[in-house]
Amino acid sequence: MDDEQVQMFVAATNAFGERVHAVDDAQWSAPTPDAEWSVADLVEHLVHEHRWAPPLLNGLDFEAAGKVADSEIVGGNLAQAWDDAAAASIDAAVADHALERTVAISRGDTDARIYLNEMILDAVVHSWDLATAIGFADPLSDDLVDYAYLGVEGAGDLSESGLFARPVDVPEDASTLEKLVAATGRDPRA
């Protein structure tokens with residue numbers, strides 16, 4: 001795996017997985033920094049997102065990919081559901097020529113590398129969400145945070161996409177992780 005983007009995707013996926021496996025039974029219903037989601041909701045969101053990656057990266061259209069992604073019900077063991085979805089999405093991303101394709105996502109045909117960067121950003125930000133919710137102390141790697149932040153730095157107001165809340169102001173001396181989280185509408189110091 002010489003491709004830096006694929007390495008960052010694997011690292012982001014693994015970082016989220018570490019946090020999933022740190023959730024104890026009493027924490028699944030705990031709130032997260034994303035006010036709409038509990039810990040279980042957040043993990044289900046990422047499981048669902050990673051179930052979409054294999055059919056999309058294998059060239060299925062949006063409707064067919066949705067049938068594959070939605071064919072399995074998350075069910076009770078969220079950590080196992082995460083492991084299965086993460087392994088499948090990593091396998092799809094590292095497959096020969098996977099990132100040379102166009103993927104058919106909800107907004108239309110998108111370069112697979114753009115799609116993968118969006119998945120990296122989502123995994124990094126949601127790793128912070130999950131760590132914050134469960135009190136997971138191990139930090140995300142600086143390389144991973146820097147890579148994810150490159151995708152949003154200078155991108156303007158991410159809330160205009162409808163996917164994020166309005167950015168939160170942070171001091172100029174804030175860490176890169178704090179700037180990244182703030183750009184997605186989360187208050188890193190709350």
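Only a predicted model underlies this, so the values are computations on that prediction, with no experimental measurement involved.

## Considerations on the overall build of the protein
Along the protein, the regular secondary structure elements total seven helices and two strands. Written out in order from the N terminus, the α and β elements of the protein read α-α-α-α-β-β-α-α-α. Across the 190 residues in the protein, those meeting the buried criterion constitute 47%. Just so you have it, the protein exposes about 9700 Å², and 48% of that area is on carbon and sulfur atoms.

## What to know about the pairing of strand β1 (residues 102-105)
Where β1 lies against strand β2 (residues 108-111), four bridges are found, and the strand directions are antiparallel. Its bridge partner lying in β2, Ile105 is registered against Gly108.

## Re the nonpolar core
Counting 37 residues, the largest nonpolar core has Leu57, Tyr115, Ile120, Val124, Leu144 and Leu180 as its most contacted members. Elements with a minimum of two residues in this core: α1 (4-20), α2 (39-57), α3 (62-70), α4 (78-94), β1, α5 (112-134), α6 (142-150) and α7 (176-183). It is α5 that contributes the most residues to this core, nine residues altogether. Once residues within four sequence positions are removed from consideration, Leu144 is found in contact with Met8, Ala11, Ala12, Ala15, Ile120 and Val124.

## Observations regarding the confidence of the model for the protein
Mean pLDDT over the protein stands at 88; residues scoring 70 or higher make up 89%. Ranking the helices and strands of the protein by mean pLDDT puts α1 first, with 97, and α3 last, with 87.

## Some thoughts on the environment of Val103
Within the secondary structure, Val103 is located in strand β1. Given a relative accessible area of 0%, Val103 falls into the buried group. As a C-alpha pair, Val103 and Asn58 span 45 residues in sequence and 8.5 Å in three-dimensional space. Discounting chain neighbours no more than four positions away, the residues touching Val103 are Leu56, Leu57, Gly108, Asp109, Thr110, Ala112 and Tyr115.

## Here's the deal with the pattern of salt bridges
This structure, assessed with the given rule, holds six salt bridges. A salt bridge links Asp129 to Arg186, with the shortest nitrogen-to-oxygen separation between them at 2.7 Å. Here Asp129 is found in helix α5, whereas its partner Arg186 is found in the segment after α7, with 57 residues between them in sequence. On the basis of relative accessible area, Asp129 is assigned to the buried category, the value being 0%. For Arg186, a relative accessible area of 7% gives the class buried. Close ionic contact of Arg189 with Glu178 constitutes a salt bridge, the shortest N to O distance being 2.9 Å. Of the two residues, Arg189 sits in the segment after α7 while Glu178 sits in helix α7, which places them 11 residues apart along the sequence. Several salt bridges share partner residues, and in doing so they unite Asp34, Asp129 and Arg186 into one network.

## Description of α7
Along α7, the residues classified as buried are Leu180, Val181, Ala182 and Ala183. Looking at the buried side of α7, the elements it contacts are α5 and α6. Phi turns positive, to about 90°, at Gly185, one or two residues after α7.

## Quick look at the packing of α5 against α6
Where α5 contacts α6, the axes come no closer than 9 Å and their chain directions differ by 125°. Relative to α6, α5 is oriented oblique. In this structure, α5 meets α6 at a crossing whose hand is left-handed. On α6, the residues touching Asn117, Ile120, Leu121 and Val124 of α5 are Leu144, Tyr147 and Ala148. A per-class count over the contact of α5 with α6 returns six nonpolar, one polar and no charged.

Reading the values: rules and limits
Residues numbered from 1 in each chain as written. Predicted model: local features only at pLDDT ≥ 70, side-chain atom pairs only at ≥ 80, totals over all residues. Heavy atoms only, no water. Helix = DSSP H or I, 4+ residues; strand = E, 2+ residues; numbered from the N terminus. Buried < 20%, exposed > 50% of the residue type's maximum accessible area, 1.4 Å probe, protein only. Areas by Shrake-Rupley, 256 points an atom, 1.4 Å probe, with all protein chains shown as cover. Pairing = 2+ DSSP bridges. Core = buried A, V, L, I, M, F, W, Y, C linked by side-chain atoms within 4.5 Å. Contact = heavy atoms within 4.5 Å. pLDDT = per-residue confidence, 0-100. Salt bridge = Lys/Arg side-chain N within 4 Å of Asp/Glu carboxyl O. Axes fitted to C-alpha atoms, helices over the stretch in contact; angles between N-to-C directions. Parallel < 35°, antiparallel > 145°, perpendicular 65-115°, else oblique. Left-handed = near helix turned anticlockwise from the far one by under 90°. Nonpolar A, V, L, I, M, F, W, Y, C, P; charged D, E, K, R; others polar.

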